[in-house]
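Coordinate analysis (summary)
Okay, here's what each chain looks like letter by letter:
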Amino acid sequence: MGSLADIPRIPDVGLLGSFGLTTADRLQLQRDLAKQDAPIVRGRILHMPVYFPCSPEAAHDVLVTKAKSFEKSPGVRVLLHNLAGQGLFTSEGTIWKNQRKLMSPLFQPAPIHKYAETMRLVTDRAAAGMHDGKRIDLARETTRIAMSIVGKALFDVDTFDEADALGQALTTALHWVNDNLASPSLVAHVMMLDATETIAAKTRGRVKALFESVHDRVAAPFLLPGVRDPKLLAAVKILDERIQGMIDERRRQGLTRDDLLTRLLTARDPDGVAAHMSDRQVRDEAVTIFVAGHETTATALAWSFYLLARNPEALERARAEADAFGDEPITKWQPERLAYATRVFREAMRLYAPIMMMPRRTLEEVEIAGVVFPAKSIMMVSSYAQHYRAESYPDPERFDPDRWLPQREAERHRASYLPFSAGPRFCIGIHFAMMEGPIVLARLLRQWSFEIDPERVIEEDDFATVRPRGGVPAIVRRRPDV
Ligand code: HEM
């Protein structure tokens, strides 16, 4: 058994430690992690050690095999407190377990497949708004489409027009999250949370109660810059009011609407163990799904278009498939009909994983890669580090959708592909995303050609997700053959 001291250290990139201050620093860290031979390496944030599992086996242990010994790192909860509250992405323990059980049936392939036609219709509406010669930013366009799809599926509302208050409020809140992602104030806040938790655990009686209540209060990110900004407060208020309004409306109508919000309101645990959700819980879940359900997919789609523009042969294959898919309504979802678009979308998420890191903290002593880690150790599983490992993906920088042919995929370790994470906290929206990506790609490719400068190298920007910096500028062209 090795010891903590034996774990190789990676060099700092700045005063703060492993993450540095800029996007370039953080991306460099990911690329460096992909090249490590050791199963796990050590970095730091300020004085705090951070461990990065680099081998697929170690990543799999953290996320899957030994998931019970981990929780999400508290930083995620602090950052998303005002936006997603105790929603599925941020909650832990019993709340998370009950909610996951209640919501899982809603996200199984059969109920999700019902949204295929909504996805086609929303995309066709976006395509209808284009004309030959129009200059667009494909990242903006895919965000509008993905937000509309999730808005329609979840709330049965129209967010297509970006003036919609809900969409704008979410964007404002996401900008704030992004501004604070790597802020020293967040680290300080997490340290304070930690200290109150430790004192509460070590004391009894009134002192314990006092520190427990302080701990609950510091769950809100009051230390972070801009948290009292009237624009952010107004955005959260709009979200609260609009969603409560929709809940009330559905109740008045007798919970008969065919949308996910109604299904959240009527969800019941088949075993009767978990009660149904309170309005507050439904609000938190609704915002969580709205945010998690569009930002990621939109980003992956924008990168897909960029990669296709740089790979004309792949573009031709995707177009031919889109043409064969045809224009008729999707009455039954048949993924094999968009098999190539699916491979393109998967490969885009390998090269540009929308969520680059899954931060975790140990709840107890746990052994990973032959080393015992004490409770409260921070581990960051990087999807980038897995996706750029030459051992799993020869010539890892190359865009090659055929890496996702079933026989080639079967040769790789399961944890070498982590865009949706893995284990109990894996993405609940995976079926939604894996249907939406190919449908949007195919429908847009079928109707228009997008002229993107093939020489232009677009870099990553780590917003809430890994977005293309400066967007994906394109000129819309009518396809001569359609
Ligand atoms: C390409 C699209 C998507 C990507 C890359 C993605 C990625 C992820 C990842 C990496 C996680 C886990 C984070 C962690 O383990 O720390 C996650 C969780 C989650 N995702 Fe997605 N996601 C996508 C689409 C969606 C969609 C469409 C929805 C909903 C409609 C959704 C809802 C959620 C929720 C609710 C969770 C929290 C699950 C839990 O902790 O139990 N995601 N997603």
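The paragraphs below set out a description of the structure included in this document. The structure displayed is predicted, hence computed values, not measured ones. Along each chain, residue indices are assigned from 1 in the same order as the chain's sequence is written. Side-chain atom pairs in this predicted model are given and counted only at pLDDT of 80 or more, local residue features only at pLDDT of at least 70, and totals for whole chains, interfaces and linings cover all residues. Computation of side-chain values covers all heavy atoms of the structure but excludes hydrogens and water.

**Brief notes about the sheet that holds strand β12 (residues 473-478)**
A sheet is described by the order of its strands in space; here three strands give the open sequence β4-β12-β9, paired in antiparallel fashion. This sheet does not close on itself; its edge strands, each paired only once, are β4 (135-137) and β9 (448-451). Geometrically, the sheet is characterised by an average inter-axis angle of 45° between neighbouring strands, direction not taken into account. Any two strands with at least two DSSP bridges between them are considered paired. Starting at the N terminus, helices and strands are each numbered in turn, a helix being any DSSP run of H or I of at least four residues and a strand any DSSP run of E of at least two. As paired strands, β4 and β12 are joined by three bridges and run antiparallel to one another. Bridge assignment links arginine 135 to a residue of β12, and that residue is isoleucine 475. With axes taken as lines fitted to C-alpha atoms, and helix axes fitted only over the stretch in contact, angles between N-to-C directions fall between 0 and 180 degrees.

**A few points about the nonpolar core**
What we call a nonpolar core is a set of buried Ala, Val, Leu, Ile, Met, Phe, Trp, Tyr and Cys residues that are connected through their side-chain atoms within 4.5 Å. Each residue's exposure class comes from its accessible area (1.4 Å probe, protein chains only) as a fraction of the maximum for that residue type: buried when under 20%, exposed when over 50%, partly exposed otherwise. Core analysis: the biggest nonpolar cluster contains 132 residues, and Leu33, Phe52, Leu83, Phe155, Leu308 and Phe450 have the highest contact counts within it. Two domains each donate at least three residues to this core, and these are domain 1 (4-183 + 224-478) and domain 2 (186-217). When neighbours within four sequence positions are excluded, phenylalanine 450 is seen to be in contact with Met130, Ile136, Leu138, Phe305, Leu444, Ala474, Ile475 and Val476. Membership of the second largest hydrophobic core comes to 18 residues, among which are Ile40, Leu63, Met358 and Val381. Segmentation of the chain into domains, including their bounds, is taken from an automatic or database domain assignment. Pairs of residues are marked as contacts when any of their non-hydrogen atoms sit within 4.5 Å.

**Details of empty space enclosed by the protein**
Only protein atoms enter the calculation, which uses a 1 Å grid: trapped sets of points that fit a 1.4 Å probe without letting it out are cavities, open sets showing protein on both sides within 12 Å along at least five of seven lines are pockets, and any residue with an atom within 4 Å of a point is a lining residue. Grid points are joined across faces, edges and corners, and a volume is the space filled by probe spheres set on the points. Counted by the stated rule, this structure contains four cavities of 30 Å³ or more. Taken as a whole, the second largest cavity encloses approximately 60 Å³ of empty space. Taken together, Phe305, Leu308, Ala309, Leu315, Arg319, Leu445, Phe450 and Ile452 make up the lining of the second largest cavity. Contributing elements (two or more residues each) for the lining of the second largest cavity: α14 (295-309) and α15 (312-325).

**What to know about the pattern of salt bridges**
What makes a salt bridge here is a side-chain nitrogen of Lys or Arg within 4 Å of a carboxyl oxygen of Asp or Glu, nothing more. Following the criterion strictly, the structure yields 42 salt bridges and no others. Between glutamate 71 and arginine 361 there is a salt bridge, and its shortest N-O distance comes to 2.9 Å. Of this pair, glutamate 71 sits in strand β3 (residues 70-72) while arginine 361 is found in strand β5 (residues 357-362), placing the two residues 290 residues apart along the sequence. Owing to a relative accessible area of 12%, glutamate 71 belongs among the buried residues under this scheme. Taking relative accessible area as the criterion, arginine 361 reaches 3% and is therefore assigned buried. Where arginine 77 meets glutamate 92, a salt bridge forms, and the shortest distance between an N and an O atom there is 3.7 Å. Of the two residues, arginine 77 sits in helix α3 (residues 74-84) while glutamate 92 sits in the loop between α3 and α4 (93-103), which places them 15 residues apart along the sequence. The partly exposed category is assigned to arginine 77, whose relative accessible area is 25%. Ionic contacts of the salt-bridge type, sharing partners, join the residues Glu117, Arg120, Asp124, Asp323, Asp327, Arg443, Arg446 and Arg479 into one network.

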